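# Residue-level structure breakdown
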Amino acid sequence: MTIDEYKALYPQDQTFIQTDDTERTMTDEEYEAWVIEGVYYSNNPRS
Amino acid sequence: MATPPTFSSGAVLTAAQMNSVGLWLVKTQTIGNAVSSVTVTGAFSADYDHYKIIVQANSIAAGGPYMSLQLGATATGYYWGAATVVYSSAASSNITVNNGSSWNRLGPGNTVGMVGAYDLLNPFKNENTIISGTYADVAAGSGGTGSGFLNDTTSYTAFTVGVTSSTMTGGTIAVYGYKGTV
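In what follows, the accompanying structure is described. (Residues numbered from 1 in each chain as written. Chains lettered and ligands numbered in written order. Predicted model: local features only at pLDDT ≥ 70, side-chain atom pairs only at ≥ 80, totals over all residues. Heavy atoms only, no water.)

Ranked by size, the top nonpolar core spans 37 residues in total, and within it Phe44(B), Leu71(B), Trp80(B), Trp103(B), Phe159(B), Met168(B) and Ile173(B) carry the most contacts. Per-element accounting of this core gives the leading share, 5 residues, to strand E3 (residues 50-60) of chain B. Apart from the residues lying within four places of it in its own chain, the contact partners of Trp103(B) are Met67(B), Ser68(B), Leu69(B), Leu71(B), Tyr78(B), Tyr79(B), Trp80(B), Leu120(B), Thr129(B), Ile131(B), Phe149(B) and Leu150(B). Formed by 8 residues, the second largest nonpolar core is a distinct cluster that contains Tyr31(A), Trp34(A), Val35(A) and Val39(A). (Core = buried A, V, L, I, M, F, W, Y, C linked by side-chain atoms within 4.5 Å. Buried < 20%, exposed > 50% of the residue type's maximum accessible area, 1.4 Å probe, protein only. Helix = DSSP H or I, 4+ residues; strand = E, 2+ residues; numbered from the N terminus. Contact = heavy atoms within 4.5 Å.)

What follows is the structure, given as structure tokens:
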């Protein structure tokens, strides 16, 4: 999976961080870091 | 009083009986829709030394991510080792986190959900926090149990549950306190 594919699957405005009962979208910096981690784990599945 | 106490309909519970309840529900947190992580505040306090956290995420959007667990805002010093085996062959399939940014080899989950139960020892006290708990990989067909620690002595009141990829929707995170050591 590429970064662009991951972003298409999880758009920034439709992915949330939750604290207690409050949800918010990620900042640009948070989103980019989260995407990189997500792509890595998507491409390196568990054995 | 017998151990365990015997209750009958309409009986008044005494302070001694209530104070002997060993596992007390501290709080529950509902998991929202399409969330990458859930921070639970006010979980740990001087009321208890040791806690049980049970995570029930009802669905994962895609893939099979690990569950991650982080204390406060600390993003270094997490260690975890799970001695697991492949169910079909009994072959070793061990899982480790070595000075990680979180305990990010818990769980794991798949599209039908993600469930785990973890004991945290001393997250509020100024001591190393010890973790132990489940590792049951439904998709990969392997399982075992693990334990580890956080290499600092910070006092924490909050924790964050996440997934290493994808998002969670629905479910509950429950926090219980163990009575008897405070």
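Let us now look at the interface of chain B and chain A. On the side of chain A, 20 residues touch chain B, which itself brings 33 residues to the contact. Taken together, both faces of the contact between chain B and chain A bury some 1800 Å²; the carbon and sulfur share is 40%. When residues of chain B are sorted by the area they lose upon contact with chain A, Gln29(B), Ser36(B) and Thr164(B) head the list and together hold 22% of the total. Between the two partners, chain B and chain A, sit 1 salt bridge. A salt bridge links Asp20(A) to Lys27(B); the shortest N-O distance between them is 3.6 Å. Going through the elements one at a time, strand E1 (23-30), strand E2 (35-40), strand E7 (103-106) and strand E9 (129-137) of chain B are the ones with two or more residues in the side of chain B that touches chain A. Top element by residues in the side of chain B that touches chain A is E2(B). It accounts for 6 residues. Taken together, the residues of the side of chain B that touches chain A sort by class into 14 nonpolar, 16 polar and 3 charged. Where strand E1 (residues 16-19) of chain A and E2(B) come together, 4 bridges link them in parallel fashion. Pairing of Ile17(A) across the sheet is with Ser37(B), part of E2(B). (Buried area = accessible area lost by both parts, 1.4 Å probe. Salt bridge = Lys/Arg side-chain N within 4 Å of Asp/Glu carboxyl O. Nonpolar A, V, L, I, M, F, W, Y, C, P; charged D, E, K, R; others polar. Pairing = 2+ DSSP bridges.)

Tracing the chain through its elements places Arg105(B) in strand E7. Here Arg105(B) occupies a buried position and makes no salt bridge, while the nearest side chain of opposite charge, Glu37(A), is found at 7.4 Å. Aside from chain neighbours lying at most four places away, what touches Arg105(B) is Tyr41(A), Tyr66(B), Met67(B), Trp80(B), Ile95(B), Thr96(B), Val97(B) and Tyr135(B). (Lys, Arg positive; Asp, Glu negative; His and termini not counted.)

Pro108(B) follows Gly107(B) through a cis peptide bond whose omega is -15 degrees. Of note, Pro108(B) is situated in the loop between E7 and strand E8 (114-121). Positive phi is not limited to glycine here, since Asp20(A) has a value of about 50 degrees. Its identity as a non-glycine residue notwithstanding, Ala34(B) has a phi of 55 degrees, on the positive side. Mapped onto the secondary structure, Ala34(B) falls in the loop between E1 and E2.

Residues Phe7(B), Leu13(B), Met18(B) and Trp24(B) make up a contiguous nonpolar surface patch of roughly 400 Å² in combined accessible area. When you line up the elements, Trp24(B) lands in strand E1. (Patch = residues over 30% accessible without salt bridge, like charges linked within 9 Å, V, L, I, M, F, W, Y side chains within 5 Å. Areas by Shrake-Rupley, 256 points an atom, 1.4 Å probe, with all protein chains shown as cover.)

Residues and elements named next belong to chain B. When you line up the elements, Ser 88 lands in the loop between strand E5 (78-86) and strand E6 (95-100). The exposure class of Ser 88 is exposed, given its relative accessible area of 72%. On a C-alpha basis, the gap between Ser 88 and Ser 147 in space is 24 Å, while along the polypeptide they are 59 residues apart.

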